[in-house]
Amino acid sequence: MATFSIERTAPLPPAEAWRRLTTWQRHGDVVPLTRVTVLTPPPTGVGTRFVARTGLGPLAFDDPMEVTVWEPPGEDGAPGRCRLEKRGRLVRGWAEIEVGPGPGGRARVRWREELTVRSLPSALGGPLERSGRYVFGRAVNQLLRRP
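Residues numbered from 1 in each chain as written. Predicted model: local features only at pLDDT ≥ 70, side-chain atom pairs only at ≥ 80, totals over all residues. Heavy atoms only, no water.

Per an unreviewed UniProt entry, the protein is named Immediate-early protein 2, and its organism is Streptomyces griseoviridis.

See below:
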């Protein structure tokens, strides 16, 4: 199991940072070898389901997820929070995205994730945590930079 957290401050209003991070198809543009398919009709909310398929050909795996908490940022400055439950055969766990006001009118973003990879020896939890922090850190950076 690996648990990691990523925090960023972006020169965006919280609502725009939220939109960029929670438009699920965009994740396929920034996570290597990944395509995201949303399985439920818009708009996103509790119960939205999507699958991130990662890999090439027969070496690919599906990472199905479901939104279990959906609280967009409030106009009153209240932070937004989204929780995803990972329900795959290979990858399980959760991710939480929180977006709120930061210094100077910027958005403060916090991404926390817990991953369990089936049949992965516990000794590889550290490398999984470091690689998860790296891959998702880059993804968050790119999502926040792209309109």
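Bringing the packing of helix α1 (residues 14-22) against helix α3 (residues 125-145) into the picture now. Where α1 contacts α3, the two axes come as close as 8 Å, and the packing angle between them is 125 degrees. Between α1 and α3, the interaxial angle falls into the category oblique. Judged by the twist between their axes, the crossing of α1 over α3 is right-handed. Residues Ala 17, Arg 20 and Leu 21 of α1 touch α3, and the partners they reach there are Val 140, Leu 143, Leu 144 and Arg 145. Here the residues of the contact of α1 with α3 are counted per class, giving 5 nonpolar, no polar and 2 charged. (Axes fitted to C-alpha atoms, helices over the stretch in contact; angles between N-to-C directions. Helix = DSSP H or I, 4+ residues; strand = E, 2+ residues; numbered from the N terminus. Parallel < 35°, antiparallel > 145°, perpendicular 65-115°, else oblique. Left-handed = near helix turned anticlockwise from the far one by under 90°. Contact = heavy atoms within 4.5 Å. Nonpolar A, V, L, I, M, F, W, Y, C, P; charged D, E, K, R; others polar.)

Moving on to unusual backbone geometry. For residues that are not glycine, phi is negative in most cases, and the peptide bond is trans in most cases. Of note, the amide linkage connecting Pro 42 to Pro 43 takes the cis form, showing an omega dihedral of 0 degrees. Backbone geometry at Ser 119 places phi at a positive 65 degrees, although glycine is not the residue there. Along the polypeptide, Ser 119 turns up in the loop between β7 (107-117) and α3. Using a relative accessible area of 71% as the deciding quantity, one classes Ser 119 as exposed. (Buried < 20%, exposed > 50% of the residue type's maximum accessible area, 1.4 Å probe, protein only.)

Summed over the entire model, instances satisfying the criterion amount to 12 salt bridges. Between Arg 53 and Asp 62 there is a salt bridge; the shortest N-O distance is 2.7 Å. Ionic pairing is found between Arg 83 and Glu 96, a salt bridge with its closest N-O pair at 2.6 Å. Of this pair, Arg 83 sits in strand β5 (residues 80-87) while Glu 96 sits in strand β6 (residues 91-101), and the two are 13 residues apart along the sequence. Accessibility expressed as a relative area gives 9% for Glu 96, which makes it buried. Within the structure, one salt-bridge network assembled from shared partners comprises Arg 81, Arg 83, Glu 85, Glu 96 and Arg 112. (Salt bridge = Lys/Arg side-chain N within 4 Å of Asp/Glu carboxyl O.)

This part covers the packing of aromatic side chains. Tallied over the full model, the rule gives 4 aromatic pairs. Ring geometry for Trp 18 versus Trp 70: centroids 4.9 Å apart, planes at 55 degrees, classification tilted. Note that Trp 18 is positioned in helix α1 and Trp 70 in strand β4 (residues 61-71), a separation of 52 residues in sequence. These aromatic residues form a ring-pair network of at least three members: Phe 4, Trp 111 and Phe 136. (Phe/Tyr/Trp six-rings, centres within 6.5 Å; stacked < 30°, edge-to-face > 60°.)

Pairing is antiparallel across the open sheet formed by 7 strands, whose spatial order is β1-β7-β6-β5-β4-β3-β2. The open sheet terminates on both sides in strands that have one partner only, identified here as β1 (2-10) and β2 (34-38). Ignoring which end each strand starts from, the neighbouring axes of this sheet average 20 degrees apart. Sheet analysis places β6 next to β7, joined by 11 bridges and oriented antiparallel. Bridging across to β7, Glu 96 finds its partner in Arg 112. Seen against the sheet, α1 touches β4, β5, β6 and β7 and runs at an angle of roughly 160 degrees to β6. Contacts from α3 reach β1 and β7 within the one sheet, and its direction differs from that of β1 by about 25 degrees. (Pairing = 2+ DSSP bridges.)

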